[in-house]
Amino acid sequence: MTASMNAALRQLAEAASLVASATAALAQPDLPAGHAAYFAMLTEHLGQQLTRAQIHAAEAARRTGAHKLDQESLQAISDAGPKPTAQDVDATVGRTTSGRTHFRHTADLLHGWLGIPLSTARDRLVQADCLIAGVNDAGQLTAPWLPELAKQFTDANTDPRLVVAASKKIHAVRNDLGQDHVREAAKTKLQADAVHFIKNEPETARKHLSDLVAEVKSGTREMEALLAEIGFFKVGTRNGLVEYLLRVLPAQAAVIEAFRQQLNNPKTIAGNRDALRELDSELTGEPASQWDDVSSMPDWARADATQSEEAGDGELLSSTAEEPDEQPAGQVNNEPTAEPAARTPRPEQMDAPWENLSPERRHLIGFMALLMIDRTGSGGSPGKQPGLATPQVSIIIDYEKMVERGKDFAVTSSGLALSVGETRAALCNAGVYPLVLNGKSLPLDLGRTQRLYSKAQGRAIRAAYRGCSYPGCSMPAERCELDHLDAWEKGGNTDLCSSDLGCPVHHIERHCGFFHAVKIPGCRPMVLLSQELDPEQRLRVNTFFLTPDEALEANALADSMTRLWRAGKLDVEIVDP
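Quick caveat, the model's predicted, so the values are computed rather than measured.

K.L.:
Just to check I follow, could you spell out the sheet that holds strand β11 (residues 515-519) for this structure?
P.N.:
An order of β12-β11-β13 is seen for the 3 strands of this open sheet, with the pairing classed as antiparallel. What marks the edges here is a single partner per strand, and that holds for β12 (526-529) and β13 (573-574). Bridge count for β11 against β13 is 2 bridges, and the pairing is antiparallel. Within the sheet, the bridge partner assigned to Val518 lies in β13 and is Ile574.

K.L.:
Whenever I open this one, unusual backbone geometry confuses me. Can you help?
P.N.:
Within the chain, Arg466 stands out as a residue other than glycine whose phi angle is a positive 70°. With respect to the helices and strands, Arg466 occurs in the loop between α18 (455-465) and β9 (481-484). The backbone of Gln537 shows a phi angle near 55°, a positive value even though the residue is not glycine. Following the sequence through the fold, Gln537 ends up in the loop between β12 and α20 (548-566).

K.L.:
Help me understand a nonpolar patch on the surface in this model?
P.N.:
On the surface, Phe232, Val242, Tyr244, Leu246, Val248, Ile256, Leu364, Phe367, Leu370 and Leu371 cluster together to form a nonpolar patch covering roughly 910 Å² of accessible area. Mapped by element, the contributors of at least two residues to the nonpolar patch are β4 (241-247) and α15 (359-376). Broken down by element, the residue count for the nonpolar patch peaks at 4 residues, all from α15. By the secondary structure assignment, Leu246 is in strand β4. Relative accessible area serves as the criterion here: at 49%, Leu246 is assigned to the partly exposed category.

K.L.:
What is the right way to look at the side chain of Gln127 in this model?
P.N.:
The topology assignment puts Gln127 in helix α6 (residues 118-131). Setting aside anything within four residues of it in sequence, one finds Gln127 in contact with Ile55, Ile132, Val164, Ser167 and Lys168.

K.L.:
Which parts of the structure should I look at to understand helix α3 (residues 71-80)?
P.N.:
Given 3.6 residues per turn, any residue in an α-helix points the same way as the ones three and four places further on. Along α3, the residues that are buried comprise Ser73, Leu74, Ala76 and Ala80. Viewed end-on, α3 has its buried residues packed into an arc of 160°, placing them on one side of the element. More than 90 degrees from the buried face of α3, the exposed residues found are Gln71, Glu72 and Asp79. Along its buried surface, α3 packs onto α4 (86-90).

K.L.:
What should I look at first to understand the nonpolar core in this one?
P.N.:
Soluble globular proteins tend to bury their nonpolar side chains together. Grouped together as the largest cluster of nonpolar side chains are 40 residues, with contacts concentrated most on Leu131, Leu149, Phe153, Ile520, Met526 and Leu539. Only α6, α7 (147-153), α8 (160-172), α9 (180-200), α10 (205-219), β12 and α20 provide two or more residues apiece to this core. When near neighbours in sequence (up to four residues on either side) are disregarded, Met526 contacts His516, Ala517, Val518, Ile520, Leu539, Arg540, Val541, Leu557, Ala558 and Met561. Within the second largest apolar cluster, 14 residues are counted, among which are Cys480, Leu501, Val527 and Leu529.

K.L.:
Could you clarify how one ought to interpret the state of the cysteines in this entry?
P.N.:
What we call a disulfide is simply a covalent bond connecting the sulfur atoms of a pair of cysteines. According to the stated counting rule, one finds 0 disulfides in the structure shown. A disulfide-free cysteine, Cys480 has its sulfur positioned 5.1 Å from the sulfur of Cys468, the nearest such atom. When its relative accessible area of 5% is taken as the criterion, Cys480 is described as buried.

K.L.:
Looking at this structure, I do not really get the side chain of Gln152. What am I missing?
P.N.:
In this fold, Gln152 is placed in helix α7. Setting aside chain neighbours within four positions, we find Gln152 in contact with Thr158, Val163, Val195 and Lys199.

About the cut-offs
- Residues numbered from 1 in each chain as written.
- Predicted model: local features only at pLDDT ≥ 70, side-chain atom pairs only at ≥ 80, totals over all residues.
- Heavy atoms only, no water.
- Pairing = 2+ DSSP bridges.
- Helix = DSSP H or I, 4+ residues; strand = E, 2+ residues; numbered from the N terminus.
- Patch = residues over 30% accessible without salt bridge, like charges linked within 9 Å, V, L, I, M, F, W, Y side chains within 5 Å.
- Areas by Shrake-Rupley, 256 points an atom, 1.4 Å probe, with all protein chains shown as cover.
- Salt bridge = Lys/Arg side-chain N within 4 Å of Asp/Glu carboxyl O.
- Buried < 20%, exposed > 50% of the residue type's maximum accessible area, 1.4 Å probe, protein only.
- Contact = heavy atoms within 4.5 Å.
- Arc of directions from axis to C-beta.
- Core = buried A, V, L, I, M, F, W, Y, C linked by side-chain atoms within 4.5 Å.
- Disulfide = S-S within 2.5 Å.

Any functional reading would require information beyond the geometric quantities listed.
As C-alpha cells, then:
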C-alpha cells in the first residue's frame, strides 16, 4: 500500500510540472484557434479534478491528524518540493507527536503552513463533512451530511464545483430546516432539487440554488421580522464614493425591477441614451461629447482635437472609456492643469457610446432623475422625459396552485415569488397587470391580418416567457425581440402559438441556424441546441427567470416532451432558420 501511495504522490508532483510546461508551450502567440479551444476545455477538466483533490486533501489531513506532525516531518515534506525523487517521497511519511506542535488544528495547518486563507480552509473542511465524511466528538468518522450530493461529488461526469457550491449553500441554512424528521425531509428535498439542476441545468444551477436557499430562509420568517430589516441605509464612503444599502420586500423589488427594465430599453423615452447622457453630464459636471467615437468625427473636429492636444503638451483629461478597469466611469485625472477649460480629449479618448457604458450607471442616472423631478421644477410627468420611467409590474397567478395550496401561486414577470399578503396588496395598486394568458378578453391571435405583434400580444408573450428562449441566457424580456416562428413571408401567422422571445444576439443566431426552435402542440416552444453543444439532443427551456419550482416543472415538461419525441409519439416541428 505504501508503494502505491508513494507512486501516487510522485504522479501528482509530475502532473503539476506537466501542467506548468504545457501552459508555457500553449501560451505562444501562434497557437491555432482549435488548439486554444481544446486548451481551454482541458484546463476546465483539470480545474474540476483539482476541486475534488483539494477537498479530499483537506479531509485526509484532518483524518490523519496531519497538524500534529513534528518539525522534522514538515521539513522533509518541504525539502521534497515539486520534483521529488523516490527517496524524497519515502521521507515524507512523517511522524505525529502528542506534544506541542506548530498548528492547533487542520485549518490552522492549511492556513499557517500552506498559506490558504483561513476562511477557505474552513470551507474545505465543511465541504468534506458534507461530501466525504464527518468526524464526531470521539474522533470517529461519520457518513457525509449530504449523501445524495456526496454521490454526485464522486461522479466523473458531474462538475464538482457545482456540487461544492450546492453543499455550501445548503449547509449555510442548516439551522433553518427545522428539527428531527422535518429537518431531514427538507434536507432531502433540497438535495434532490440541487442534483436536478446540477445535472439538467448547469448553466443556471448556481442561480437556482441561491433561489432555493432564499426560499428556505424567507419561508421561515414572519412578516414582522422582514419589516424590521428593510430600509434604505447609508453604508459610508469608500474610494471617494458614497455607498448605500437597500433592503426591500419582493413586492417592492418587483417595482424596482420594472423601473430598471424600462431604463434598459433605448426605444423608450425614459431609456433614451442621448438624453440620459446629457442628464449624466449635468449631474457629474463632465461634458458629454457629441461624437460617439473618433470614427464619427468630421475632419474639422479631429483637427481641432489634435491641435488642442499639441497646445496642451499632452496634459489632457482622462477618458472614462479608455481604461474602464483602472478608473471608474465619471472620474477624471486629478492632476492640476493651468487652463482646464481649454483642454480637449484626444480623438481616441472620446467617450464611448452611452449604450456601451455600464447598466449600473444608467440605472443610477434614472434613479437620480426620479428623485430630482420636483426639486428642479423641470415639469413633465414620469415616463415623458429621460430617466423617468413609469414601472409596470405583471403578476402571474397560477389558479390551480392558489386553490390547492393557497401559497406559492404568484410570481412577477421578473421571476420574484410573492407571498399571499404581498399579492393581495399588489393587486390593489395601480400599474399592476394580472395577466390571463390565452384569455378571451384580449385579441391575442391576429392571423395574417397584421404583420407585427400587438401590444397586448407582446405583453402576454413577455409575461409568459420572461426572457430570451436560449438556455442560460440572462437577457430579460424587455430587451428581447418578438420572434415569428412561422415566417411571415412564407405565409405564417402572427399568433401566440407561433411566437417566441430572443435577445438580439440569439435571435440572429437562430436565423443563422446555430440552434433551432421547436414547436410542440399545446406547449410552449422549446430549443434544440446543436450536437456539439448538447450531445444528448434534449429539448430544452430557458429557466433563468423562473422560480426553482417553476424551473423544476419546466424541466420535467421538457424531459417528458423529449421522451415522447424520441419514441415517435409526439408530432413536433423543428422550425427552419
